[in-house]
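Working through the structure, step by step
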Amino acid sequence: MTTHPHDPAVVGSFAIQGRLGRGAMGAVYLARSRGGRLVAVKVVRDELADDPGFRARFAREIDAARKVSGAFTAAVVDADPDADRPWLATEYLPGPTLQKAIETSGPLPPAEVQSLASGLAEALMAIHASGVVHRDLKPSNIVLTDNGPRVIDFGIARAMEEASLTATGMVIGTPGYLSPEQITGTGIGPASDLFALGAVLVFAASGRGPFATGNPASMLHRIVNEQPHVPPLPGPLHDVVRRCLARDPGQRPTPTEILQRLGPPAPTVLLDPPTIPTPPATKLLPPTTTFAPAPLPPGGELGSGGAVGPGWQGDVGAPGGVVGVGGVGASFGTSRARPGLFAGILTVLWLAFVPADPQVKALHPVLSTLSGLVSLVFLYFAVRSWILVLRPKVLLQLSPQGLTVKRAYREATIPWYGVTRLHVGGDSKRPWLIAWLEPQYQNQLPVSHRRHHGGLRIYPIAHGATRARRQTQVNELRAALNWYAGRIHDNSY
């Protein structure tokens, strides 16, 4: 927990104890009610507070979240979407998040994974019955309590997501737990949460997600195009996880079907949560009394106050954070390794076939001519390879703020509002990322300024690489463009 000079002492009727984190949506605080109960208070940042559309969506999501039973979730305690800075207070849940538990103690035993699956299916059943889709179910949004797993931050993702789509075309979420339809934008519903449930159970059982880790664009590409890696799981649990991770939403089970398939959970305690020391209870104060921050709980796990969903991530970049929010984004770079190898081999072959002895030329004119032609072929391809080797290395970065191009010792960033269109085009063997820019940004990027139908070639996509590697990078780049700049990405072939 951290403190900052500009943190409020009071939000609504809650006394702020300290800051738990800050993300794209705003800051999260540990606070106390007048009666001494701990709550997690989320305060929206100024830019979103100035957006009337966001306020309306935020209010709708709060109303929907209030309908969800608190038996399986962190219940909404209070909220004010009309305040100068809208805020939401939710129940404080003592216990570690699933993310923290796995990082601390390692993967769960099979029986506990099955208990987790049943508890989360029951929570999703209550959430969906209230007409809410979570949209960002992940290990850091699941708190392990004495009475089973509890889900936090259900439904609030949509208000942030719609605001981001309107502003930049970027989708909010966590790549390893996003369903294919969330990535492609084809209808989000309760089945999307079931896909995330399958990914969460794989993480709980193995300590890693079904689509590995790494570059967000690579993960998005794998989710849409590749099969998930599911570790061996006992009995019906393996089939349940496989069905949850089906690409077709219609093939995924409902929470009711999961409970019927798994049967009653084994009589084990799911990760006995540590006892959490909390600050001493405050006295009951009259409404006119000013609240003062109380000291932090010494060394305790803060439960639901830690990772608290989309846009509410803490300052430390923990696994499973929001992609494109406060991070470097997706990076792509050219490589000289393979062209350099081919350039060296072809140069040696060219030298080997150059006819140098005049006597050989006179005795074997036909052989000498053929050798000369072969040497010219090797020279042609050697020159092409050396051109790729000597070309300055180019690094492309895509982030919520815009695109950055680094070439040699120069670097420039163009904000998304300065880009009118992006397209992957050109020769299939040498594709380029082509950008159409606003006039004031036309000459800022450190590129060769070669044109393609009015656009500027800004990044050579895996030139000199194998066909498979080139196609992989094209797909990963398209996925990143859909993620960070969906509105201006021309995805036509």
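All chains use their own residue numbering, which begins from 1 and follows the written sequence. Only residues with pLDDT of at least 70 get local features here, since the model is predicted, and only at 80 or more are side-chain atom pairs given and counted; chain-wide, interface and lining totals rely on the full set of residues. No hydrogens and no water enter the side-chain calculation; it runs on all heavy atoms of the structure.

Focus on the pairing of strand β13 (residues 419–427)
It is a general feature of regular strands that their side chains alternate between the two faces of the sheet. Where β13 and strand β14 (residues 430–437) come together, eight bridges link them in antiparallel fashion. Residue pairing across strands places His423 opposite Ile434, the latter belonging to β14. Linking β13 to β14, which pair antiparallel, is a turn of two residues. Two strands qualify as a pair provided that DSSP identifies no fewer than 2 bridges between them. Numbering of helices and strands runs from the N terminus, with a helix taken as a DSSP run of H or I at least four residues long and a strand as a DSSP run of E at least two residues long. Of the strand pairs in this sheet, β13 and strand β17 (residues 489–490) are connected by two bridges, and their pairing is parallel. Bridging from a neighbouring strand, Leu422 pairs with His489 of β17.

A few points about the environment of Leu88
You can see Leu88 is positioned in strand β6 (residues 87–91). Between the alpha carbons of Leu88 and Val41 there is a distance of 5.6 Å; along the sequence they are 47 residues apart.

Considerations on unusual backbone geometry
Positive phi, normally seen in glycine, also occurs at Arg135, with a value near 80 degrees. With respect to the helices and strands, the residue Arg135 is situated in the loop between α4 (110–129) and β7 (142–145).

Side note on the pairing of strand β4 (residues 38–44)
Accessibility here uses a 1.4 Å probe with only protein chains present; expressed as a share of the type maximum, an area under 20% marks a residue as buried, one over 50% as exposed, and anything in between as partly exposed. Counting buried positions along β4 yields seven of seven residues, so the element is predominantly enclosed. Across the two faces of β4 the burial is the same, with Leu38, Ala40, Lys42 and Val44 and Val39, Val41 and Val43 all buried. Pairing between strand β3 (residues 26–32) and β4: seven bridges, direction antiparallel. Bridge pairing in β4 places Ala27 opposite Val43. Connecting the antiparallel pair β3 and β4 is a turn made up of five residues, with Gly36 showing a positive phi of about 95 degrees. Bridge count for β4 against β6 is five bridges, and the pairing is antiparallel. Paired with Val41 across the bridge in β6 is Ala89.

A look at the environment of Arg247
Tracing the backbone shows Arg247 in the loop between α9 (235–244) and α10 (255–262). Sequence separation between Arg247 and Glu181 is 66 residues; the distance between their C-alpha atoms is 8.2 Å. The criterion used for residue contact is that any of the two residues' heavy atoms lie within 4.5 Å. Apart from the residues lying within four places of it in its own chain, the contact partners of Arg247 are Pro180, Glu181, Ile223, Val224, Asn225, Glu226, Gln227 and Arg252.

Notes on the side chain of Gln442
Here Gln442 shows up in the loop between β14 and β15 (451–452). Here the side chain of Gln442 touches Leu437 through a polar contact of 2.7 Å, landing on its backbone oxygen. Other than its neighbours up to four places away in sequence, Gln442 contacts Leu437, His449, Arg451 and Leu456. Polar contacts here mean pairs of N or O atoms no more than 3.5 Å apart (in protein, one a potential hydrogen donor and the other a potential acceptor; neighbouring residues in sequence count only if both atoms are side-chain atoms).

Quick word on the packing of helix α8 (residues 216–225) against helix α14 (residues 467–485)
Viewed as axis vectors pointing N to C, α8 and α14 meet at an angle of 100 degrees, and their least axial separation amounts to 8 Å. As judged from the angle between their axes, α8 and α14 are roughly perpendicular. Contact residues: Ala217, Ser218, Leu220 and His221 in α8; Asn475, Glu476, Ala479, Ala480 and Trp483 in α14. Residues that form the contact of α8 with α14 fall into these classes: five nonpolar, three polar and one charged. Helix axes use the C-alpha atoms of the stretch in contact, all axes being lines fitted to C-alpha atoms, and the angles between their N-to-C directions lie in the range 0 to 180 degrees. What sets the label is the angle itself: under 35 degrees gives roughly parallel, over 145 gives roughly antiparallel, 65 to 115 gives roughly perpendicular, and the rest give oblique. Ten residues, namely Ala, Val, Leu, Ile, Met, Phe, Trp, Tyr, Cys and Pro, are considered nonpolar, four, namely Asp, Glu, Lys and Arg, are considered charged, and the remaining ones, Gly among them, are considered polar.

Observations regarding the sheet that holds strand β16 (residues 455–460)
Reading across the sheet, the five strands line up as β15-β16-β14-β13-β17 and stay open at both edges, with mixed pairing between neighbours. The open sheet is flanked by β15 and β17, the only strands paired with a single partner. Packing against the sheet, α14 makes contact with β13, β14, β16 and β17, and its axis sits at approximately 170 degrees to β13.

Quick word on the sheet that holds strand β10 (residues 394–398)
Read across the open sheet, the four strands follow the order β9-β10-β11-β12; overall the sheet is antiparallel. One side of each edge strand has no neighbouring strand; the edge strands of this open sheet are β9 (330–333) and β12 (410–415). Geometrically, the sheet is characterised by an average inter-axis angle of 15 degrees between neighbouring strands, direction not taken into account. One ladder, built from four bridges, connects β9 with β10; its direction is antiparallel. If you follow Ala330 over to β10, its bridge partner there is Leu398.

Some details on the environment of Ser130
Tracing the sequence through the fold places Ser130 in the loop between α4 and β7. For Ser130 and Val68, which are 62 residues apart along the polypeptide, the C-alpha to C-alpha distance reads 5.7 Å. Look past the residues within four positions of Ser130 in its chain and what remains in contact with it is Lys67 and Val68.

A look at the packing of aromatic side chains
Two rings from Phe, Tyr or Trp (for Trp, the six-membered ring) form a pair when their centres sit within 6.5 Å of each other. Planes less than 30 degrees apart are called stacked, planes more than 60 degrees apart edge-to-face, and all others tilted. Tallied over the full model, the rule gives four aromatic pairs. Ring plane angle 75 degrees and centroid distance 5.1 Å describe the contact between Tyr380 and Phe381, whose orientation is recorded as edge-to-face. Judged by its relative accessible area of 47%, Tyr380 is partly exposed. For Phe381, a relative accessible area of 40% translates into the label partly exposed. Looking at Arg421, its charged tip hangs above the ring of Trp436, at a distance of 4.0 Å from the centre. Lysine and arginine charges are scored as sitting over a ring when NZ or CZ, respectively, is within 6 Å of the ring centre and within 35 degrees of the ring normal.

Brief notes about the confidence of the model for the protein chain
What pLDDT expresses is the predictor's confidence in each residue, scored from 0 to 100. Per-residue pLDDT for the protein chain averages 76, and the proportion of residues at 70 or more is 77%. In the predicted structure, residues 159–170 sits below a pLDDT of 50 and forms 42 contacts with residues beyond four places in sequence or in another chain. Low pLDDT (under 50) marks residues 268–327, which in the prediction has 156 contacts with non-local residues, meaning those over four places away or in another chain.

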